[in-house]
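# Architecture and fold: a report
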Amino acid sequence: VARNPHEPEFQQAVHEVLESIAPVVEEHPQFAENGILERLVEPERQIMFRVPWIDDAGKLQVNRGYRIQFSSVLGPYKGGLRFHPSVNLSIIKFLGFEQIFKNALTGQGIGGAKGGSDFDPHGRSDAEIMRFCQSFMSELWRHLGEHTDVPAGDIGVGSREIGYLFGTYRKITNRHESGMFTGKGVQWGGAEVRTEATGYGTVFFAQEMLAVHGEAFEGKRVIVSGSGNVAIYAIDKARQLGGLPVTASDSSGYILDEDGVDVALLRQLKEVERARISEYVVHRPRAKFFEGAQPWEVPGEIILPSATQNELEEPAAHALIAGGARVVAEGANMPTTPGAVAAFQHAGVLFAPGKAANAGGVATSALEMSQNAARQRWNFSDSESKLQAIMKDVHDAAFDAAARYGRPGDYVVGANSAGFERVAHAMIAQGVI
Ligand code: NDP
């Protein structure tokens, strides 16, 4: 805390991990002797830079860019870029720290990093987005590379932004180095299923949680927040499995569609028109829009928070429990506050943290890197089967570790312990570095 003042999200993420891995450190005294924890909470490298660009009115704008290269002990730094006005050092550090354990859990040989900018893409023209991305990459390129650091998308960074960022890197370096970025368009080196991977993976994870108790998605109401990349494909897969997702949201409010959210309409509004979620009810008269509210007041059995950090607070958790919540799987990173997590666990609701439940996105990014390295392109159904198998492995690793450390069914302890063990053993093997 003394070394990282004014970084509440980073402190929250570190606290959650350190608290839950105490039994792991007790069982492996060599982790304490080698200063694993002291080293892990200090990023290997932190990069902050100026991003100047000219808007459509000819006015100069200045944003701040970040890349926090947290750990490369298991592989090249890997983690997304976020463009959102709320971005600051604390948020990028919390995301980078979480990414270390998430990436370790996938078993794919990737390190942990995160980056982004306080740039707000909402309401900006295509030309402004391009100029911003070009300026951002004109500094960041020197820190990247397929064996060094491989970014991807996150909030505010989708296929359009990745295209402009990749194009700038290619121009500056004179290298068409496919493996230096993931989430690329499938026509120019991207992998099938990467777009769907985080949302699909979260649902596959929830499916595994249900299966432990002999249950399935079929016939269950699903409450989803967000309407971006993760939320859209979580809704899509939940419907394919026979669930009934009834909500979606953005920062202006949420929609409730008792007939089940229409995925094609949601994609058209959000991916093509970049419209607000309130537009949904114009096309679906039976659906309702609740301005300024969150979907947590709607009853349902499966809860998939998929928008942003700390969006589900303790009172909302109590409302969801009263509404029959059985399973919570985080599609977003740290969307559930510590008080809300405790409330769910106290009530016997199964709770899976994002570092396990949303690992499908980065796992599929690692598959994209493999395809790029081998100059191959795998088809959709093979790629989806691989994603499903990885999510089962991530689930089982977390589930087994929880049981091993005396907390059966506690996916927070399980995910943190399993991810930490893998990182810690590699750090010891590679020496004090
Ligand atoms: P998108 O930018 O595609 O969508 C974000 C969604 O969340 C939008 O609906 C947005 O609404 C809403 N949102 C963002 N910030 C806020 C806020 N402060 N308050 C309320 N709503 C907000 O991002 P993604 O879907 O890619 O990411 C969502 C979450 O999933 C993030 O936590 C991200 O870190 C995590 N994640 C994403 C992965 C990926 O592969 N994309 C991988 C693993 C995790 P609005 O447009 O109004 O801002």
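Residues numbered from 1 in each chain as written. Predicted model: local features only at pLDDT ≥ 70, side-chain atom pairs only at ≥ 80, totals over all residues.

## Some remarks on the overall build of the protein chain
- Helix and strand counts for the protein chain come out as 17 helices and 13 strands.
- In terms of overall size, the protein chain behaves like a compact globule, its C-alpha atoms giving a radius of gyration of 21 Å where 433 residues would be expected to give roughly 22 Å.
- Seen through its C-alpha atoms, the protein chain measures out along the principal axes to roughly 60 × 55 × 45 Å.
- Expressed as a percentage of the 433 residues in the protein chain, the buried residues total 54%.
- Counting only contacts in the protein chain whose residues sit at least 6 apart along the sequence, the fraction spanning at least 24 positions is 75%. (Helix = DSSP H or I, 4+ residues; strand = E, 2+ residues; numbered from the N terminus. Rg over C-alpha atoms; globule rule 2.2 N^0.38 Å. Buried ≥ 20, exposed ≤ 12 C-beta atoms within 10 Å, placed from the backbone. Contact = placed C-beta atoms within 7 Å.)

## A short note on the packing of helix α12 (residues 314-322) against helix α13 (residues 338-346)
- One can describe the packing of α12 onto α13 by two numbers: an axis separation of 7 Å at closest approach and a directional angle of 25°. By the angle between their axes, α12 is roughly parallel relative to α13. In the crossing of α12 with α13, the sense of the turn from one axis to the other is right-handed. The segment α12 lies against α13, with Glu 314, Ala 316, Ala 317, His 318 and Ile 321 engaging Gly 339, Ala 340, Ala 343 and Phe 344.
- The residue makeup of the contact of α12 with α13, split by class, is six nonpolar, two polar and one charged. (Axes fitted to C-alpha atoms, helices over the stretch in contact; angles between N-to-C directions. Parallel < 35°, antiparallel > 145°, perpendicular 65-115°, else oblique. Left-handed = near helix turned anticlockwise from the far one by under 90°. Nonpolar A, V, L, I, M, F, W, Y, C, P; charged D, E, K, R; others polar.)

## Focus: the domain arrangement of the protein chain
- For the protein chain, the domain assignment lists domain 1 (8-180) and domain 2 (196-348).
- Look at where the C-alpha atoms of domain 1 and domain 2 centre, and you get two points 26 Å apart.
- Domain 1 puts nine residues into the contact, and the matching count from domain 2 is seven residues.
- When residues of the side of domain 1 that touches domain 2 are traced back to their parent elements, those giving at least two are α1 (8-20) and α5 (89-106).
- The element best represented in the side of domain 1 that touches domain 2 is α1, accounting for four residues. (Domains from an automatic or database assignment.)

## Quick look at the site of the ligand
- Around the ligand there are 25 residues in total, and Gly 228, Asp 250, Ser 251, Ala 332 and Gly 361 lie nearest to it.
- Here the shell around the ligand is composed, by residue class, of five nonpolar, 18 polar and two charged.
- When residues are assigned to domains, the shell around the ligand turns out to be shared by domain 1 (8-180) and domain 2 (196-348), each giving three or more. (Near = placed C-beta within 6 Å.)

## Some remarks on the nonpolar core
- Of all hydrophobic cores here, the largest spans 129 residues; its most connected members are Phe 205, Ala 356 and Ala 398.
- Taken domain by domain, the makeup of this core includes at least three residues from each of domain 1 (8-180) and domain 2 (196-348).
- Excluding residues within four positions of it along the chain, Ala 356 makes contact with Leu 105, Phe 205, Val 394, Ala 398, Tyr 411 and Ala 415. (Core = buried A, V, L, I, M, F, W, Y, C linked by C-beta atoms within 7 Å.)

## Comments concerning the UniProt feature "active site" (unreviewed entry) in the protein chain
- The feature "active site" (unreviewed entry), as annotated in UniProt, sits at Lys 114 in this numbering.
- Of note, Lys 114 is situated in strand β4 (residues 112-117).
- Every residue in contact with Lys 114, bar those within four places of it in the chain, is listed here: Ile 68, Gly 79, Gly 80, Ile 92, Leu 95, Gly 96 and Gln 99. (UniProt positions renumbered as here; feature names shortened; annotations may be inferred.)

## Thoughts on unusual backbone geometry
- Of note in this structure, His 6 is not a glycine but carries a positive phi near 60°.
- Note that His 6 resides in the segment before α1.
- Even without glycine at this site, Arg 274 takes up a positive phi of about 50°.
- Here Arg 274 is to be found in the loop between α10 (263-272) and α11 (280-283).

## Some points on the packing of helix α8 (residues 194-212) against helix α9 (residues 229-240)
- The contact between α8 and α9 brings their axes to 7 Å, and the two run at 55°. Taken as axis vectors, α8 and α9 run oblique relative to one another. In this structure, the crossing between α8 and α9 has a hand that is right-handed. Contacts from Thr 195, Glu 196, Thr 198, Gly 199, Tyr 200, Thr 202 and Val 203 in α8 reach Asn 229, Val 230, Ala 231, Ile 232, Tyr 233, Ala 234, Asp 236, Lys 237 and Ala 238 in α9.
- Tallied by class, residues from the contact of α8 with α9 come to eight nonpolar, five polar and three charged.

## Points about helix α16 (residues 380-404)
- Taking 1.5 Å as the rise per residue, α16 with 25 residues should run 36 Å; its terminal C-alpha atoms sit 36 Å apart, in good agreement.
- Residues of α16 that are buried: Ser 383, Glu 384, Leu 387, Ile 390, Met 391, Val 394, His 395, Ala 397, Ala 398, Phe 399, Ala 401 and Ala 402.
- Tucked into the core, α16 has its buried residues touching α5, α8, α14 (354-357), α15 (360-374) and α17 (411-429).
- Trailing α16 by a residue or two, Gly 406 shows a phi angle of about 80°, which is positive. (Expected span 1.5 Å × (residues − 1).)

## Quick notes on the sheet that holds strand β13 (residues 350-352)
- Taken in spatial order, the five strands make up an open sheet running β7-β6-β11-β12-β13, and their pairing is parallel. Bordering the open sheet on either side are β7 (244-245) and β13, each of which pairs with just one other strand.
- As paired strands, strand β6 (residues 221-224) and strand β11 (residues 302-304) are joined by three bridges and run parallel to one another. Bridge pairing in β11 links Val 224 to Leu 304. (Pairing = 2+ DSSP bridges.)

## Considering the sheet that holds β4
- The five strands lie next to each other as β1-β2-β4-β3-β5, forming an open sheet whose pairing is mixed. In the strand order of this sheet, the two ends are held by β1 (45-54) and β5 (149-152), each with one partner. Put simply, the sheet's adjacent strands are angled 20° from each other on average, direction ignored.
- Strands β1, β2 (60-71) and β4 of the sheet are contacted by helix α6 (residues 126-140), whose axis makes an angle of about 145° with β1.

## Digging into the pairing of strand β8 (residues 247-250)
- As paired elements, β8 and strand β9 (residues 253-256) share four bridges and run antiparallel to each other. Note on β9: the bridge partner recorded for Ala 248 is Ile 255.
- In this structure, the hairpin formed by β8 and β9 is closed by a connection of two residues.

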